[in-house]
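Take a look at the letters that make up each chain.
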Amino acid sequence: MRVTHLAVAAFLALPLAATAADAGPGPEPLPISLTSVLPAVASATPTSARFRLNEATTIAAGAGALPVADLLAAAWRPATGFPLPISTTTDTNTIRIGLGEPVDSEAYRLEITEEVIDLRASTTAGLVNGVQTLRQLLPPEIESSTVQNRQWTVPGGLIEDRPRFAYRGAMLDLARHFHTPDEVKRYIDQISRFKINHLHLHLSDDQGWRIRIDGWPRLTEVGGAEGTGVRGIGGGYLTEADYRDITAFAAERNVTIVPEIDMPGHVNAAQVAYPELTCDGVAPRPRIDIRVGYSSLCAGKEVTYRFAEDVIRELAAMTPGPYLHIGGDEAHSTPHADYLTFQKRVLPLVRKYGKIPIGWQEIAAAGEPGTVVQYWNREVDLPEHAGRFILSPADKTYLDMQYDLLTPGGLHWAGTTEVDDAYSWDPGRLLPHVPEERVLGVEAPLWSETLRDLGDIEFLAFPRLVAIAELGWSPRSDWDSFRRRLGTYGPRWTRQGVRYYSSPRIPWS
Ligand code: TNX
């Protein structure tokens, strides 16, 4: 579904002011080619060859490539109606998928001739990346769930591609509003198409606790009950089985789940469930408003560290990925000395259970080596020595910022963010004292204070998340090229029923 700016303005009966960037119809959308892929590929050499997909096309999967072959077949069978059997023998009229050459762990090489499509990578992650590229080389009708009567032609040539940054992330806040496992999976499927390879799940906050912890069952019995969440609409939680199902679904798409438990602030829901986690032992009232900075764990009580260790141990045990995020943001009611005491004890616990700690930028003050720092706000102090970074500048990457003051949903405390704002920055140069080598990558967080359903998520994420994906993946950025390529993606979202924001800055086809 396409929700236009005009429709919103008409609904509000407001005049729609034209801005300079809206001017004119803009450039023509591009035809599908090796250079129309999102995010832009590192190198493409088109030829005039065409591979024609038909009834007899097969997929030949080499050793270890079967799950990736399945992913491609499942994506292409519904709209083509072709059987696309998966075999191990190679022939002509075949899509060959195999582990081999390109050495960079996420790189791939995709060659398309009249006779074969040949996809190679040294890891399954690289193969998944290649499949996501290949999917964009068939027309938008390929996204239909029913058979489309048409020719299926893949443009020929060679793509050699690899990422600029290893970490390309999205974040979804399940605490302010719970999103069901099916919604989370649908989001994973959508983001993985743009080679986003991490999904950070914000699992706890003042308004709710969304992951079952066996040793502390009231966290979800109380903190995940009906009536939790902003305005009391958005209860629910993930069981361990739900969480494992989500991580497995994500892994098939080369997406690593990064779980976050926010501490020592943003803990009101935990304290409602377990009043011993407050300094005075008195249960606070449940909160359904959107204020921040009022709750804190008690750095001087031993139960605090038993709680933190139990949660970290259980969460680490269910998480296959290397990272565990422990929040650390906006702890305005934690005295600074207590904040440092707390983090110096808790960050090593993440290591003890085999994970690399990540924290919001405030955590850099703890000076704990090996902690990945997630930058989000230029108003918050950042010590120069801090190690590796994930970049989430709020005024560029926060998907919950409104596009403009007329678009529905979202907040605007960091300003409004149109698609070109999200695209116009360089992760290698954002922080003057942080050279590109220390940037692990980028992440686009989506906070859920104003979100209800999947449509709300999609409207704020798309198309801006694609801008962040391209900054994270592609070797260089080019707004004019990006907006033209993005314009051709609209019909794909429409076919999938994705509710995207039809930005006036983009020449949609
Ligand atoms: C800031 S960013 C927060 C969140 C809010 C968000 C709303 C950060 C580390 N903390 O608690 O949900 O703004 O945009």
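The rules behind the values
Residues numbered from 1 in each chain as written. Predicted model: local features only at pLDDT ≥ 70, side-chain atom pairs only at ≥ 80, totals over all residues. Heavy atoms only, no water. Salt bridge = Lys/Arg side-chain N within 4 Å of Asp/Glu carboxyl O. Buried < 20%, exposed > 50% of the residue type's maximum accessible area, 1.4 Å probe, protein only. Axes fitted to C-alpha atoms, helices over the stretch in contact; angles between N-to-C directions. Helix = DSSP H or I, 4+ residues; strand = E, 2+ residues; numbered from the N terminus. Parallel < 35°, antiparallel > 145°, perpendicular 65-115°, else oblique. Left-handed = near helix turned anticlockwise from the far one by under 90°. Contact = heavy atoms within 4.5 Å. Nonpolar A, V, L, I, M, F, W, Y, C, P; charged D, E, K, R; others polar. Pairing = 2+ DSSP bridges. Domains from an automatic or database assignment. Core = buried A, V, L, I, M, F, W, Y, C linked by side-chain atoms within 4.5 Å. Near = heavy atom within 4 Å. Polar contact = N/O pair within 3.5 Å; in protein donor to acceptor, adjacent residues only side chain to side chain. Areas by Shrake-Rupley, 256 points an atom, 1.4 Å probe, with all protein chains shown as cover. Disulfide = S-S within 2.5 Å. Right-handed = clockwise from strand over helix to strand, strands pointing away. Phe/Tyr/Trp six-rings, centres within 6.5 Å; stacked < 30°, edge-to-face > 60°. Lys NZ or Arg CZ within 6 Å of the ring centre and 35° of its normal.

K.L.:
Help me get a handle on the pattern of salt bridges, residues and values and all.
P.N.:
In the structure shown here, the tally under the stated rule is 32 salt bridges. The closest approach of N and O atoms between D118 and R120, which form a salt bridge, is 3.2 Å. Overall, the relative accessible area of 8% leaves D118 in the buried class. The closest approach of N and O atoms between E143 and R193, which form a salt bridge, is 3.1 Å.

K.L.:
Could you give an account of the packing of helix α4 (residues 181–192) against helix α6 (residues 240–252), naming the residues involved and the relevant values?
P.N.:
Closest axis-to-axis distance for the α4/α6 pair is 10 Å, and the angle between their directions is 15°. Here α6 runs roughly parallel to α4, going by the angle between their axes. Of the two possible hands of crossing, α4 and α6 adopt the one that is right-handed. In contact with P181, V184, K185, I188 and D189 of α4, α6 contributes D242, D245, I246, F249 and A250. Taken together, the residues that form the contact of α4 with α6 break down as six nonpolar, no polar and four charged.

K.L.:
An account of the sheet that holds strand β4 (residues 86–87) is needed here, citing residue identities and associated values.
P.N.:
The mixed open sheet is built from seven strands, whose spatial order is β2-β8-β6-β7-β5-β3-β4. One side of each edge strand has no neighbouring strand; the edge strands of this open sheet are β2 (43–53) and β4. Note that strand β3 (residues 58–61) and β4 share two bridges and pair parallel. Pairing of A60 across the sheet is with S87, part of β4.

K.L.:
An account of the domain arrangement of the chain is requested, with residue identities and associated values reported.
P.N.:
Considered domain by domain, the chain is made up of domain 1 (43–161) and domain 2 (167–496). If you average the C-alpha positions of domain 1 and of domain 2, the two centres end up 34 Å apart. With 19 residues of domain 1 in contact, the opposing surface of domain 2 contributes 15 residues. Remark: the boundary between domain 1 and domain 2 carries four salt bridges. Between E143 and R492 there is a salt bridge whose closest N-O contact spans 4.0 Å.

K.L.:
Before we move on, could you go through the nonpolar core and cite the residues and values that matter?
P.N.:
In terms of nonpolar packing, the biggest core is built from 97 residues, with Y187, L199, I211, M263, F307, F462 and W493 touching the most fellow members. Tallying contributions element by element places helix α8 (residues 302–318) first for this core, with nine residues. Other than its neighbours up to four places away in sequence, W493 contacts Q190, F194, F462, P463, V466, L486, V498, Y500 and W508. Counting residues in each nonpolar core, the second largest holds 37 residues, with L53, A69, L134 and W473 among its members.

K.L.:
Can you lay out the site of the ligand for me, pointing to particular residues and giving the numbers?
P.N.:
R176, Y398, D400, W413 and E449 are the nearest of the 14 residues found near the ligand. Between the ligand and the protein, one listed contact pairs an oxygen atom with a side-chain N or O atom of E330 at 3.1 Å. With the chains in place, 97% of the 370 Å² that the ligand exposes on its own is no longer accessible. Looking at the shell around the ligand, its residues break down into eight nonpolar, one polar and five charged.

K.L.:
Run through unusual backbone geometry, naming residues and quoting values.
P.N.:
The linkage connecting M263 with the following residue, P264, adopts the cis geometry, with an omega of 0°. Assignment of secondary structure puts P264 in the loop between β13 (256–260) and α7 (268–273). The peptide bond linking F462 to P463 adopts the cis configuration, its omega dihedral lying at 15°. Within the secondary structure layout, P463 lies in the loop between α12 (454–461) and α13 (464–473). Phi is positive for R231, close to 60°, though the residue is something other than glycine. Tracing the sequence through the fold places R231 in the loop between α5 (218–223) and α6. Judged by its relative accessible area of 62%, R231 is exposed. A positive phi is found at N254, a non-glycine position, where the angle reads about 60°.

K.L.:
So, the state of the cysteines: which residues are in play, and what are the values?
P.N.:
Following the criterion strictly, the structure yields one disulfide and no others. Note on cysteine connectivity: C279 is disulfide-linked to C298, with sulfurs 2.0 Å apart. When the S-S torsion is 100°, as for the bridge of C279 with C298, the disulfide is right-handed. Taken together, the residues span a long stretch of sequence, with C279 in the loop between α7 and α8 and C298 in the loop between α7 and α8 at a distance of 19 residues.

K.L.:
Lay out the pairing of strand β15 (residues 356–360) with the relevant residues and their values.
P.N.:
With four of five residues buried, β15 is to be regarded as a mostly interior element. Pairing geometry for strand β14 (residues 323–325) and β15, over three bridges, is parallel. Considered in β15, the bridge of Y323 is made with I356. For the handedness criterion, the β-α-β arrangement of β14, helix α9 (residues 336–352) and β15 is classed as right-handed. Alignment of β15 against strand β16 (residues 372–375), held across three bridges, turns out to be parallel. Across the sheet, residue W360 finds its bridge partner in β16, namely Q374.

K.L.:
Can you break down the packing of aromatic side chains residue by residue, with the values?
P.N.:
Evaluated as defined, the whole model comprises 24 aromatic pairs. For the ring pair W216 and Y274, a centre distance of 4.8 Å and an interplane angle of 80° mean the geometry is edge-to-face. Pair noted here: W216 is in the loop between β12 (208–209) and α5 and Y274 is in the loop between α7 and α8, with a separation of 58 residues, a long-range link. When its relative accessible area of 8% is taken as the criterion, W216 is described as buried. Chaining the aromatic ring pairs together yields one cluster made of Y187, F194, F462, Y489, W493, Y500 and W508. Its guanidinium or amino end placed over the ring of F249, R253 lies 3.7 Å from that ring's centre, counting from NZ or CZ. The lysine or arginine in question, R345, covers the ring of Y305, its NZ or CZ lying 3.8 Å from the ring centre.

K.L.:
With reference to specific residues and values, describe the environment of F82.
P.N.:
You can see F82 is positioned in the loop between α2 (66–80) and β4. Measuring from C-alpha to C-alpha, the distance between F82 and T57 comes to 7.9 Å, with 25 residues separating the pair along the chain. Beyond its immediate chain neighbours, meaning those up to four positions away, F82 contacts L53, N54, E55, R77 and W152.

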